[in-house]
Structure formats: C-alpha cells, structure tokens
Amino acid sequence: MNINATLFGQMIMFAMFTWFCMKFVWPPLVAAMEERKKRIESGLLAAERGLSEHKEAQQKSQEILAASKDQAAEIIANAGRQAATMVEDAKGVAAEQADKIKLNAKAQIEQESKRVKNELKEQVSGLVMQGVSSVLAKEVDARTHQDMLGKLAQTL
Amino acid sequence: MSTNSALTSGEYIKHHLQNLTYGQFPDGEWGIAHSAAEAKAMGFWAFHLDTLGFSFVLGALFLLVFRRVGKNMTISTPSGFQNFIESIIDFINENVSGSFNGKNPLIAPLALTCFVWIVLMNTMDLLPVDLLPQIAALAGVEYLKVVPTADPNATFGMSLGIFILMIYYSIKNKGLGGFIGELAFHPFGKMMFPVNLLLEGIGLLARPVSLALRLFGNMYAGELIFILIALFPYWIGWSLSLPWAIFHILIVLLQGFIFMTLVIVYMDMAHQTEH
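Residues numbered from 1 in each chain as written. Chains lettered and ligands numbered in written order. Predicted model: local features only at pLDDT ≥ 70, side-chain atom pairs only at ≥ 80, totals over all residues. Heavy atoms only, no water.

(A) Structural view of the overall build of chain A. Secondary structure summary: chain A contains two helices and zero strands in total. Taken against the 2.2 N^0.38 rule, which gives 15 Å for 156 residues, the C-alpha radius of gyration of chain A at 62 Å runs more than 25% over that of a compact globule. Taken along the three principal axes of its C-alpha coordinates, chain A extends 195 × 25 × 20 Å. For chain A, buried positions account for 12% of its 156 residues. For chain A, the accessible area works out to roughly 12600 Å², and carbon and sulfur atoms hold 62% of it. In chain A, 21 positive and 20 negative side-chain charges are present, and the distance between their average locations comes to 4 Å. (Helix = DSSP H or I, 4+ residues; strand = E, 2+ residues; numbered from the N terminus. Rg over C-alpha atoms; globule rule 2.2 N^0.38 Å. Buried < 20%, exposed > 50% of the residue type's maximum accessible area, 1.4 Å probe, protein only. Areas by Shrake-Rupley, 256 points an atom, 1.4 Å probe, with all protein chains shown as cover. Lys, Arg positive; Asp, Glu negative; His and termini not counted. Charge placed at Lys NZ, Arg CZ, Asp CG, Glu CD.)

And the structure:
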C-alpha cells in the first residue's frame, strides 16, 4: 500500500466526473423519465374519461332506443285502432247503401207491379167489354149502357 | 504464467501488484519507475499512471454513454439500452429518495457517479489477469495494474472527496457551532466534552477510512486470488477462476452498491439539522 499523489488526481477526477454528471448527464435523463411519467398519467386519465364517456353514451343510446320503441308501439296501436274504426265506418256506410238500394228496388218493383196491374185491368176490362159487347150487341146499346160498363170496368 | 516462465511465483505476484508509477527519480529527473524499489524511492509526489488512466477512461466512458442516451431519449418508445440506463437511474433514485431526506440536487448525480464508476472499475477485475499487462508488455510498458479500485489511492481519493463534502454540508446546514456541538456534546453531555470529542472525532474520521478500505480490501483480495489462480497450470486454472469470477460479479456490484449507499447515508447525516 503506497499512498502518493495519485490520491489527488483521483479526487480531482471524482469531483470533475460528479460535476459533469450533475450538469449534463442527470438532468436530461430524469427530465425525460419525468415527462414520460406525466404522459402516462395523463394518458391513463384520458382513457378513464373516455371509458366513462363511452358508458354514458351507451346508456343514453339505450334510453333513446327504449323511447323510440315505445313510440313505435304507440304508433302501431293507433294505426290499428284507426283501421278498425275505418272498417267499422265502411261497414255502416255499406249497410246503409244496401238498405237504400233495397228500398229503391222495392219501390220500383211495387210501381211496376202497380203499372202492370193497371195495364192488365185495362186489358181485361177491354176484353170483358169486347166479350160483353159481342154478347150483348143486340140487346144492349153501347151508348145507353156506357155508365154501367164504365163502373164495371173500374171495379175490376 | 506459462509465457512468463522466467519469473518465480513470488516475482509474478509482485509484478502484478506493482503500479505503473510516474514520478521524480532521486537524481531530480521525472520518469517512469522501472522497478518497485524505484517507485518507492519516488516518495509521495508520484502518480500511478495505470490507476489514473483506467479510472479516467472508465469514468469518461460512463459519462459519455449516459450523456448520449440522455440526449437521444425517446419518451414514447424507449429502446433496449435506454431501458437499461433508465433502470439504473430508477435504482439510484429509489435509493436516494429512500435514505436521503434533505434537498440537494448534487446527491443523486453523486450517487450515480459513485455507483457506475466504481462498478466499472471493479469490473476490470473480471478481465483475465494477464490480458492487459501482456498486451502492455508487448508495447513496452513494464507494469500495469488494471483494477483502479485495487489501488488504495483511488479509493481514498474518492472517500476523501466524500469526506470534504460531508464536512462542507455539515457546516453549511448546521453552522460551524452546530457541527462542533454535534462532535463535542454527544453522546455524554456537556461536561464530558473531551471524551465526546474523542469518540465522535474517531467516528467521523472512521467514515472515509472505512469507506475507502472496504472497497480497496475487497477488490485487492479479489485480484490477488485471481493472480494466485493464474499460477496454477492452465488446464486447472479455468476451473477455479470461472467460479471465482462468477462469485466476483456479486462483489463487483455489491461493493459499488455499498459505497453508493454509504455516500447517501453520510450525506443525509450532514443534512440533518435537528439532532
């Protein structure tokens, strides 16, 4: 063990290295690591915020979906009801129309039958008159018995 | 050993433990010592070129590599080597924030420098003992001790630097009176101040001495065992040096870690104002 001036050389070297390390080596390394730490921290925070936002949006969308489903069901129910009433209405109208047509037809038929009856009456009375006149040609004067014959024709 | 068969075992060991010394010869001229006796005759004002050279190269390597990584730091996509450097920084930071309670921007870089520099210097011990000295011998350099921390000058140089910082920060934070009071009025109270001074003074001085001797002793012993193993024939040497090298990796890192931790603790003590 021989101690000599190497001691001082080493001491000065140590001081120089430490100074250099403190000035030029340590700060950039630590600064970069610190910045990364911050970046990771903020990234994690942002991720968490994004997650909660996503959850919120999901909830909202579900709410909207449920509301729209309700609305759709309501619309469908309304439409069904409306259709039912429309069918009901149409049925009523149709029945009325049918009744009217029936009545008209009945009236027409009655009229026709009346007319035909009258015609028949006239024809029968004409025939009767012919027959009677031909039978009674000799005894009955057409002119004198006109009133009686007219009454007869009317009763037929 | 086999290549240096001209040396006896004793000479071989001595040769390996001799630093490359630059100093003043007795006749007044400056130069490199050619023998251990010549080196010894140079006295205090001599320099171990190998210790200074290797520690400088290793320290510069450490700083340049870390500086480069620090300059090219990518924040979002760190590469493999950057991760490695960052894990060292994290490790230092953890230790400093765990043991050091004051606020001083010097302490963490100081701990980093201590740890990485000492680990690098210790790692020189894992190179084959004859590798660099033989290469140097081919280049005409007679002596070369490759492990700076196996030279007490290196370890004492560092621990004295720490000692100066300890005293500086103690006086700065506690005041001169506070610092002397801490030495004089503890642990026995005011009336016993000579005893206190003796005890505390020894305690204070023991810190840098133990700091330096622990590191030096471990590395010196480790190197010595490598040298002794190298004396065995080559076909058995590897079976001893391999396990010792594997075990030595632990010591290399552990000694760096202990030195760093103690530096942090001593600095913390110098920053504690209430006692």
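(B) View of the packing of helix H7 (residues 152-184) of chain B against helix H8 (residues 193-230) of chain B. Residue and element names in this part refer to chain B. For the pair H7 and H8, the least separation of the axes is 8 Å and the interaxial angle reads 155 degrees. Looking at the two axes, H7 sits roughly antiparallel to H8. Crossing hand, H7 versus H8: right-handed. Within the contact of H7 with H8, the residues separate by chemical class into 19 nonpolar, three polar and three charged. (Axes fitted to C-alpha atoms, helices over the stretch in contact; angles between N-to-C directions. Parallel < 35°, antiparallel > 145°, perpendicular 65-115°, else oblique. Left-handed = near helix turned anticlockwise from the far one by under 90°. Nonpolar A, V, L, I, M, F, W, Y, C, P; charged D, E, K, R; others polar.)

(C) Molecular detail of the environment of Cys21(A). Residue and element names in this part refer to chain A. Secondary-structure assignment places cysteine 21 in helix H1 (residues 6-135). A relative accessible area of 0% means that cysteine 21 is categorised as buried. C-alpha of cysteine 21 to C-alpha of alanine 67: the two residues are 46 residues apart in sequence and 67 Å apart in space.

(D) Summary view of the nonpolar core. Membership of the largest hydrophobic core comes to 74 residues, with the highest contact counts inside it found for Phe66(B), Ile92(B), Leu112(B), Ile162(B) and Met267(B). Among the secondary structure elements, those contributing two or more residues to this core are H1 of chain A together with helix H1 (9-16), helix H3 (49-71), helix H4 (80-99), helix H5 (107-123), H7, H8 and helix H9 (234-271) of chain B. Residues within four places of Phe66(B) in sequence aside, it is in contact with Val25(A), Leu29(A), Ile85(B), Ile88(B), Ile89(B), Leu112(B) and Val116(B). The next biggest cluster of nonpolar side chains, apart from the first, holds five residues, and it includes Phe25(B), Ala33(B), Ala39(B) and Met42(B). (Core = buried A, V, L, I, M, F, W, Y, C linked by side-chain atoms within 4.5 Å. Contact = heavy atoms within 4.5 Å.)

(E) Local environment of the packing of aromatic side chains. Taken as a whole, this structure holds 17 aromatic pairs over all chains when the rule is applied. Summarising the aromatic geometry, the rings of Phe8(A) and Phe44(B) are spaced 5.8 Å apart at their centres and angled 75 degrees between planes, so their arrangement reads as edge-to-face. Within this pair, whereas Phe8(A) is found in helix H1, its partner Phe44(B) is found in the loop between helix H2 (36-41) and strand S3 (46-48), the two belonging to separate chains. Residues Phe216(B) and Tyr220(B) carry aromatic rings whose centres are separated by 5.1 Å and whose planes lie at 40 degrees to one another, so their mutual orientation is tilted. Linking Phe216(B) with Tyr220(B), this pair stays in helix H8, spanning four residues, or about one helical turn. The exposure class assigned to Tyr220(B) is partly exposed, which follows from its relative accessible area of 26%. A connected cluster of aromatic rings, assembled from ring pairs, spans Phe14(A), Phe17(A), Phe56(B) and Trp117(B). (Phe/Tyr/Trp six-rings, centres within 6.5 Å; stacked < 30°, edge-to-face > 60°.)

(F) Focus on the environment of Leu144(B). Residue and element names in this part refer to chain B. Here leucine 144 lies in the loop between helix H6 (131-138) and H7. Considering only alpha carbons, one finds leucine 144 and isoleucine 202, 58 residues apart in sequence, at a separation of 36 Å. Setting aside residues up to four positions removed in sequence, leucine 144 forms contacts with Gln18, Asp50, Phe54, Leu132, Pro133 and Ala136.

(G) Highlighting the pattern of salt bridges. Residues and elements named next belong to chain A. The full count for this structure, using the stated rule, is five salt bridges over all chains. One salt bridge in this structure joins glutamate 112 and arginine 115, with 2.9 Å as the shortest N-O distance. Here glutamate 112 and its partner arginine 115 are both found in helix H1, three residues apart, which amounts to about one turn of the helix. Assessed through its relative accessible area of 43%, arginine 115 is described here as partly exposed. A salt bridge links arginine 115 to glutamate 119; the nearest nitrogen and oxygen atoms lie 3.2 Å apart. Here arginine 115 pairs with glutamate 119, and both are found in helix H1, just four residues apart, close to one helical turn. When salt bridges with common partners are traced through the structure, they connect Glu112, Arg115 and Glu119 into a single cluster. (Salt bridge = Lys/Arg side-chain N within 4 Å of Asp/Glu carboxyl O.)

(H) Structural context of the interface of chain B and chain A. Of the residues lining the interface, 53 residues belong to chain B; the matching set on chain A comes to 29 residues. Regarding the contact of chain B and chain A, the summed buried area is about 3700 Å², with carbon and sulfur atoms giving 78% of it. Broken down residue by residue, the surface that chain B buries against chain A is led by Leu63(B), Ile75(B) and Asn153(B), which jointly contribute 18%. Scanning the region where chain B abuts chain A turns up one salt bridge. For the salt bridge of Glu86(B) with Arg36(A), the shortest nitrogen-to-oxygen distance reads 2.7 Å. Joining chain B to chain A, the criterion identifies 12 residue pairs in polar contact (both at pLDDT 80 or more). Listing elements by their share of the side of chain B that touches chain A, those giving two or more residues are S3, H3, H4, H5 and H7 of chain B. Here the side of chain B that touches chain A gets 12 residues from one element, more than from any other, and that element is H3(B). Looking at the side of chain B that touches chain A residue by residue, the class counts come to 34 nonpolar, 15 polar and four charged. (Buried area = accessible area lost by both parts, 1.4 Å probe. Polar contact = N/O pair within 3.5 Å; in protein donor to acceptor, adjacent residues only side chain to side chain.)

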